[in-house]
Amino acid sequence: MKKTIVSMMVLGMTLTGVSGVYAGTNLQKITAYLNHNIGIQVNGSTYTPTDGKGNKLAPITYKDTTYLPVRAVADALKVPVSYDAASHQVNIGSNSSITLSKVTYSSTQVAAIRKEFAKFKSFETAYAPQLMAKGDAYQKAGASDDSVYLIFKHMRVGISPRDYSNGYTSKPVKLSNGIQAKWYTPDKTPMLGFKLNDRYVTISSEDHILSQAQIEQVAAS
């Protein structure tokens, strides 16, 4: 069933975070309709697809065929999806490899990360991801009142003694390494949170480039 649904989604693909990449390619102008009468259920539960910024998406009807937003539905089904801008190709499922690469920190970056963690009593041990999604890049570290955050090009990692998901509706998920985590959305950016030893880690993609499947793979690593 999952493969069938995903195959149907390919017919009408709507990808978030790739606006402008179709310039200069073969485009055909059509007249279609946003179909607000169609409801969607995923595994028996009502599902409303949204784009990377939390805006609701409606199915599109064109010549008696209904098209669904591929990234939104793929995330709901926990199916990896990625877009190769160079080849203009959408990759769905296990063949759309979620490749992780090693994060290389310079001595200056390591010192900066340790400095931020050192501000917290009984919380001085520095934590930092060793792997990231391929194509991402570490940029800087910072701190708030009760957490340290590491900023990547497409990812933000927060480490805190506090569970920031409290008070928000969350969706539990088991990572590939068996760790229990949960998705919650305090604003328009979904966040994945999980406990690691004596602290809580929160991972998100504020520019909405990384899919939930990619973020879960990074978390599991």
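Residues numbered from 1 in each chain as written. Predicted model: local features only at pLDDT ≥ 70, side-chain atom pairs only at ≥ 80, totals over all residues. Heavy atoms only, no water.

- The name given to the chain in an unreviewed UniProt entry is Copper amine oxidase-like N-terminal domain-containing protein, with Paenibacillus pini JCM 16418 as the source organism.

1. Here we look at the environment of N35
Now for step 1: Assignment of secondary structure puts N35 in the loop between β1 (33-34) and β2 (40-42).
Now for step 2: Relative accessible area serves as the criterion here: at 18%, N35 is assigned to the buried category.
Now for step 3: Sequence spacing of N35 and I60 is 25 residues, and the spatial spacing of their C-alpha atoms is 5.5 Å.
Now for step 4: Of note is the side chain of N35, whose polar atom sits 3.1 Å from the backbone nitrogen of N37. (Helix = DSSP H or I, 4+ residues; strand = E, 2+ residues; numbered from the N terminus. Buried < 20%, exposed > 50% of the residue type's maximum accessible area, 1.4 Å probe, protein only. Polar contact = N/O pair within 3.5 Å; in protein donor to acceptor, adjacent residues only side chain to side chain.)

2. Examining helix α3 (residues 107-117)
Now for step 1: When α3 is considered as a whole, its buried residues turn out to be I113, E116 and F117. Buried residues of α3, seen end-on, are gathered within an arc of 100 degrees and therefore sit on one face of the element. For α3, the exposed residues set more than 90 degrees away from the buried face come down to S107, T108, R114 and K115. (Arc of directions from axis to C-beta.)

3. Brief notes about the pairing of strand β11 (residues 148-152)
Now for step 1: Of all 5 residues that make up β11, 4 are buried, and the element is covered over most of its length.
Now for step 2: Bridge count for strand β10 (residues 138-143) against β11 is 5 bridges, and the pairing is antiparallel. Bridge pairing links A141 to L150 in β11.
Now for step 3: Between β10 and β11, which pair antiparallel in sequence order, lie 4 residues.
Now for step 4: Bridge count for β11 against strand β12 (residues 156-160) is 4 bridges, and the pairing is antiparallel. Directly across from V148, in β12, lies its bridge partner I159. (Pairing = 2+ DSSP bridges.)

4. Looking at the side chain of T189
Now for step 1: Residue placement: T189 occurs in the loop between β14 (180-184) and β15 (191-196).
Now for step 2: By relative accessible area, T189 is classed as buried at 15%.

5. Some details on unusual backbone geometry
Now for step 1: Located in the positive-phi region is K63, a residue other than glycine, with phi close to 50 degrees.
Now for step 2: Along the chain, K63 falls in the loop between β4 (60-62) and β5 (65-67).
Now for step 3: The exposure class assigned to K63 is exposed, which follows from its relative accessible area of 66%.
Now for step 4: The phi dihedral of N197 is positive, around 60 degrees, even though this residue is not glycine.
Now for step 5: Among the secondary structure elements, N197 is positioned in the loop between β15 and β16 (199-204).

6. Topic: the packing of aromatic side chains
Now for step 1: What the rule picks out here adds up to 5 aromatic pairs.
Now for step 2: Geometrically, the ring pair formed by Y105 and Y138 is edge-to-face, given 5.1 Å between the ring centres and 70 degrees between the ring planes. With a gap of 33 residues between them, Y105 in the loop between β8 (100-102) and α3 and Y138 in strand β10 connect regions that are remote in the sequence. Each member of the pair, Y105 as well as Y138, carries the same accessibility label: buried.
Now for step 3: Summarising the aromatic geometry, the rings of F120 and F123 are spaced 5.8 Å apart at their centres and angled 80 degrees between planes, so their arrangement reads as edge-to-face.
Now for step 4: Its relative accessible area of 13% is what places F120 among the buried residues. (Phe/Tyr/Trp six-rings, centres within 6.5 Å; stacked < 30°, edge-to-face > 60°.)

7. Quick notes on the pattern of salt bridges
Now for step 1: Summed over all chains, the structure comprises 5 salt bridges.
Now for step 2: Ionic pairing is found between D146 and R162, a salt bridge with its closest N-O pair at 3.8 Å. With a gap of 16 residues between them, D146 in the loop between β10 and β11 and R162 in the loop between β12 and β13 (170-174) connect regions that are remote in the sequence.
Now for step 3: Note that K182 and D163 form a salt bridge whose closest N and O atoms lie 3.3 Å from each other. In this pair, K182 is assigned in strand β14 and D163 in the loop between β12 and β13, connecting sequence segments 19 residues apart.
Now for step 4: Exposure remark for D163: the relative accessible area of 18% places this residue in the buried category. (Salt bridge = Lys/Arg side-chain N within 4 Å of Asp/Glu carboxyl O.)

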